[in-house]
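Descriptive structure summary
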Amino acid sequence: MRNVDLDGLQDLLRQMPAMVEIHPLSLAFLPEDVRTFEDAWQMVAELDMPVPKPTKPMLTTRIEPALRHRLPAVRCNHDPLTTELNRVLLKRYNFIKATMLCQSQIADQILCCADSETVVLMLVDGLSYADVKRHAPQWLEHAVPVLVDGVSITEQGMLRIIGKPSLAQRLFDMGFRHLIGFTYWERAEEPLTDRVFTGFGDQVHKVKSFDDVLAKLDSEQLFGTFVQIVRMGLDGVAHRQREKPNVAAIVASIFADFERLITLFRRKGVSAQLYLTSDHGILWAHEHALQVYESSGAEHPRYYEHAKHSQHVLNVEFEGKEFALLEYPYLRRELRANEWGVHGGLSFEESVVPLINIIIRR
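Everything numeric here is computed off the predicted structure, so don't read it as measured data.

Focus on the overall build of the protein chain
A count of helical and extended segments in the protein chain gives 12 helices and 20 strands. Relative to the compact-globule value of 21 Å for 362 residues, the protein chain shows a C-alpha radius of gyration of 23 Å, a close match. Seen through its C-alpha atoms, the protein chain measures out along the principal axes to roughly 70 × 55 × 40 Å. When contacts within the protein chain are restricted to residue pairs at least 6 apart in sequence, long-range pairs at least 24 apart make up 77% of them. A total accessible area of about 16,600 Å² is found for the protein chain, and carbon and sulfur atoms account for 48% of it. Across the protein chain, the mean location of the 40 positive side-chain charges is 2 Å away from that of the 48 negative side-chain charges.

A short note on the packing of helix α9 (residues 210-218) against helix α11 (residues 247-268)
Packing of α9 against α11 brings their axes to within 11 Å, and their N-to-C directions diverge by 10 degrees. With respect to their mutual orientation, α9 and α11 come out roughly parallel. In the crossing of α9 with α11, the sense of the turn from one axis to the other is right-handed. Along the contact surface, α9 presents Phe210, Asp211, Leu214, Leu217 and Asp218, while α11 presents Asp257, Arg260, Leu261, Leu264, Arg267 and Lys268.

Remarks on the pattern of salt bridges
Tallying each qualifying case throughout the model produces 24 salt bridges. Between Arg35 and Glu46 there is a salt bridge, with the nearest N and O atoms lying 2.7 Å from each other. With Arg35 in strand β3 (residues 35-37) and Glu46 in helix α2 (residues 40-47), the pair connects residues that are 11 residues apart, well separated along the chain. When the shortest N-O distance is used, the salt bridge between Asp218 and Arg267 registers 3.1 Å. Of this pair, Asp218 sits in helix α9 while Arg267 is found in helix α11, placing the two residues 49 residues apart along the sequence. Asp218 gets classed as partly exposed once you look at its relative accessible area, which sits at 35%. In this structure, a network of salt bridges that share partners links the residues Asp211, Arg231, Asp257 and Arg260.

Rules and cut-offs
- Residues numbered from 1 in each chain as written.
- Predicted model: local features only at pLDDT ≥ 70, side-chain atom pairs only at ≥ 80, totals over all residues.
- Heavy atoms only, no water.
- Helix = DSSP H or I, 4+ residues; strand = E, 2+ residues; numbered from the N terminus.
- Rg over C-alpha atoms; globule rule 2.2 N^0.38 Å.
- Contact = heavy atoms within 4.5 Å.
- Areas by Shrake-Rupley, 256 points an atom, 1.4 Å probe, with all protein chains shown as cover.
- Lys, Arg positive; Asp, Glu negative; His and termini not counted.
- Charge placed at Lys NZ, Arg CZ, Asp CG, Glu CD.
- Axes fitted to C-alpha atoms, helices over the stretch in contact; angles between N-to-C directions.
- Parallel < 35°, antiparallel > 145°, perpendicular 65-115°, else oblique.
- Left-handed = near helix turned anticlockwise from the far one by under 90°.
- Salt bridge = Lys/Arg side-chain N within 4 Å of Asp/Glu carboxyl O.
- Buried < 20%, exposed > 50% of the residue type's maximum accessible area, 1.4 Å probe, protein only.

Read these as layout, nothing more, since geometry by itself doesn't imply function.
Here it is in structure tokens:
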């Protein structure tokens, strides 16, 4: 099968319909008048209708060997999961949202696969799919890109992931009656902790390091258990650091801890579904030519806490309140010297996070 790039595919479609092997997200980069068929035979049936003859470009994403004599079959080698996605993210948002797994669907995804003795969810505070792709590519074979379908900030991201009723409560109803939580947040100082750990009662442990998590889990039987861990990610260093953060080292430490968790469950001989995901990604200011959209003293440089009508924003709702997300590469204000990264807006870097799943069998 011949390989083509995105431009080559568009040239071909202007000449004739085709069967195309293509990443589903890459379809967002094609002109909106391109008609896409999942069923190759349905496309052929339309081509064979006497009148009217189709005038718009057409493709099918199914390669049908029986039709190779009639339709060209090509493989499009376009990778949509790069910063190039920012070109179409706002314009084709509804299509992209319908195509990707959304953050608000993660809990359902976990529940439908909860057939092991233990379920583990590690929630990382700030980690983008882009940074995993760049600094920990060996994990991509286990990763699904997830769209943050709302404001890309900690509170909303964490709450979207656990859902309502919470994932812990729903797993409890499925038989996971032992709940254990771990967090680096001070519970008394961070009200979000109570919401993220709804249903855990007094089984939420404040930890200083990941060694504390492993020691506690090593002492437990872990049968019929749901473990939820909130771990520091890149959020803190994005906002409050004098020196340029060592992103590669931080990403490596996150996955080193996740690897230690996997090793513990393998050693204990407990079947488990282990997940790692993030509340939001980070748009690193020093890597992009960000532009100030308006001159204001806004606290949040990438979103508004109300709806806004503008060609550069996406309006969303969370818990009955409206917000407006600025698209890439715009800011509401100049960034401070210690703001190495931002989040809250709509971009590949902020709005696409990983969902990594490791299955351990007995």
